[in-house]
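Residues per chain are reported as follows:
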Amino acid sequence: LGAIRELLHHDEGNEMSAALWVDIFPAFWRALREPEQAALVKPMMQLLARDHHRQAPIGGAHGPHVVQVLMASLTRCEPCPKLPAPLYAYVAKSYACWSEAACAPEAAPAP
């Protein structure tokens, strides 16, 4: 773990960190039982909808945006978290991640 931590610390564009998250998070998700997955959906919704993400630059030399990385990892989860369709639309529009939002399975109805 120390070597991975050192590599990620020097990952200035965050591409390695993003790729690692996108690969590892779906594996963790699959390891959870259904009640544990369901318990994480609301915090994920809150995290994706937070306004403070809008302060960070999107793309360019800064690397992938945290919301883009989260969406990429969520769309690779099986079963995919059922997030409300309006949240997918908001995230896609606000953070330029249309392809990730379009790949999302049928979204849950808004709460």
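Worth saying up front: this structure is predicted, and the values here are computed from it rather than measured. (Residues numbered from 1 in each chain as written. Predicted model: local features only at pLDDT ≥ 70, side-chain atom pairs only at ≥ 80, totals over all residues. Heavy atoms only, no water.)

Caption draft 1: Quick peek at the layout of surface pockets. One number sums up the size of the largest pocket: a volume of about 160 Å³. Lining the largest pocket, in full, are Trp29, Glu34, Gln37, Ala38, Val41, Pro79, Cys80, Pro81 and Lys82. Considered class by class, the residues forming the lining of the largest pocket number six nonpolar, one polar and two charged. (1 Å grid on protein atoms, 1.4 Å probe; cavity = no way out; pocket = protein on both sides within 12 Å on 5 of 7 lines; lining within 4 Å. Points joined across faces, edges and corners; volume = space filled by probe spheres on them. Nonpolar A, V, L, I, M, F, W, Y, C, P; charged D, E, K, R; others polar.)

Caption draft 2: Molecular detail of the side chain of serine 73. On the secondary structure map, serine 73 appears in helix H4 (residues 66-74). At 3.2 Å, the side chain of serine 73 and the side chain of tryptophan 21 are in polar contact. Looking at serine 73, its side chain comes within polar contact range of the main-chain oxygen of leucine 70, at 2.8 Å. Setting aside residues up to four positions removed in sequence, serine 73 forms contacts with Trp21, Val22, Phe25 and Pro26. (Helix = DSSP H or I, 4+ residues; strand = E, 2+ residues; numbered from the N terminus. Polar contact = N/O pair within 3.5 Å; in protein donor to acceptor, adjacent residues only side chain to side chain. Contact = heavy atoms within 4.5 Å.)

Caption draft 3: Structural context of helix H2 (residues 15-31). End to end, H2 covers 25 Å across 17 residues, agreeing with the expected 24 Å (1.5 Å per residue, within 8%). The set of residues buried in H2 consists of Ala18, Val22, Phe25, Pro26 and Trp29. (Expected span 1.5 Å × (residues − 1). Buried < 20%, exposed > 50% of the residue type's maximum accessible area, 1.4 Å probe, protein only.)

Caption draft 4: Examining the nonpolar core more closely. Core analysis: the largest hydrophobic core is formed by 19 residues, its most contacted members being Leu48, Met71, Leu83 and Val91. When residues of this core are assigned to their parent elements, the largest contribution, five residues, is made by helix H5 (residues 85-95). (Core = buried A, V, L, I, M, F, W, Y, C linked by side-chain atoms within 4.5 Å.)

Caption draft 5: Region of the structure containing the environment of leucine 87. Take leucine 87: it is sitting in helix H5. Taking the relative accessible area as the measure of exposure, leucine 87 reaches 12% and is therefore buried. Between the C-alpha atoms of leucine 87 and alanine 49, which are 38 residues apart in sequence, the distance is 7.3 Å. Those residues in contact with leucine 87 that lie beyond four places of it in its chain are Met45, Leu48 and Ala49.

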